[in-house]
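Chain by chain, the residues run as shown.
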Amino acid sequence: EMIKGRLDVVSVTGSHDYGVWAAVGAFFLVTGTWGAARRVWTGGRAPRDLLGKVLAYDGPGGCRAARIVEVEGYLADDPASHAYRGVTPRNRPMFGEPGHAYVYVSYGQHFCMNVTARSAGRRAGAVLLRSAEALDPTDWRRALAGPGLLGRWFGLTTAHSGLDLVRSALTIRDAPPVPTALVGRSARIGLSTGHTLTKAWRFYMRGSSGISRPPRV
């Protein structure tokens, strides 16, 4: 019932330096009920602004929902991005309209979900949803602590790639913004080469037990 209730618009503010992502259109779902929300695009910071939002899937097994606690940003001119070498049948959603799902297979078995988004002047981009916390308190807190675990918990496959995250069964719901003091940043996980290797394009919620890897001390 909490998921299906009215969701009010919120704004995200702050003077933090978000570098190239500062021009990305932030993705929000506002003032809607289940399956009837509208999309609002603002000049914001897509990876950071997705923290705290709720990913929900009304699938064959019922409705599942989890709060996003860790994300990573990938742009078209980023060697780590699937869009770096141009459009392919797999990565086509990254070159389409922002606010859609891009689901790919990692190591032949893990389905990883992204939200398409891009900054001004760039032809493609996406935000990887690395981790989330299930809203059902009976679920293990670290059940979604990694992109593959997140995809498995929601039952995602490449068939979900390209879905509109407003009008499909797979949606992102608005939630109160995460305070700046609770937002951590670091380099992205698992990268080894490229000029964007040290970019702090990983955002996570400090104090969350659901993130895939604890911050370095």
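Let us look at the structure shown here. Values in this document were obtained by computation on a predicted structure and should not be read as measured data.

Here we look at the packing of aromatic side chains
- Tallied over the full model, the rule gives 2 aromatic pairs.
- Seen from their ring centres, Trp153 and Phe154 are 4.8 Å apart, and the 85° between their planes marks the pair as edge-to-face. Side by side, Trp153 and Phe154 carry an identical accessibility label, which is buried.
- When the ring centre of Trp153 is taken as reference, the NZ or CZ atom of Arg64 above it lies at 3.8 Å.

A look at the pairing of strand β3 (residues 54–59)
- Burial analysis of β3 places 5 of its 6 residues in the buried class, the great majority of the element.
- Relative to strand β4 (residues 62–75), β3 is paired through 6 bridges, and the arrangement is antiparallel. Paired with Leu55 across the strands is Ala66, a residue of β4.
- What sits between the antiparallel neighbours β3 and β4 is a turn of 2 residues.
- Bridge count between β3 and strand β8 (residues 170–173): 4 bridges; the pairing is antiparallel. Residue pairing in the sheet places Ala56 in a bridge with Thr171 of β8.

Cut-off values and rules
- Residues numbered from 1 in each chain as written.
- Predicted model: local features only at pLDDT ≥ 70, side-chain atom pairs only at ≥ 80, totals over all residues.
- Heavy atoms only, no water.
- Phe/Tyr/Trp six-rings, centres within 6.5 Å; stacked < 30°, edge-to-face > 60°.
- Buried < 20%, exposed > 50% of the residue type's maximum accessible area, 1.4 Å probe, protein only.
- Lys NZ or Arg CZ within 6 Å of the ring centre and 35° of its normal.
- Helix = DSSP H or I, 4+ residues; strand = E, 2+ residues; numbered from the N terminus.
- Pairing = 2+ DSSP bridges.

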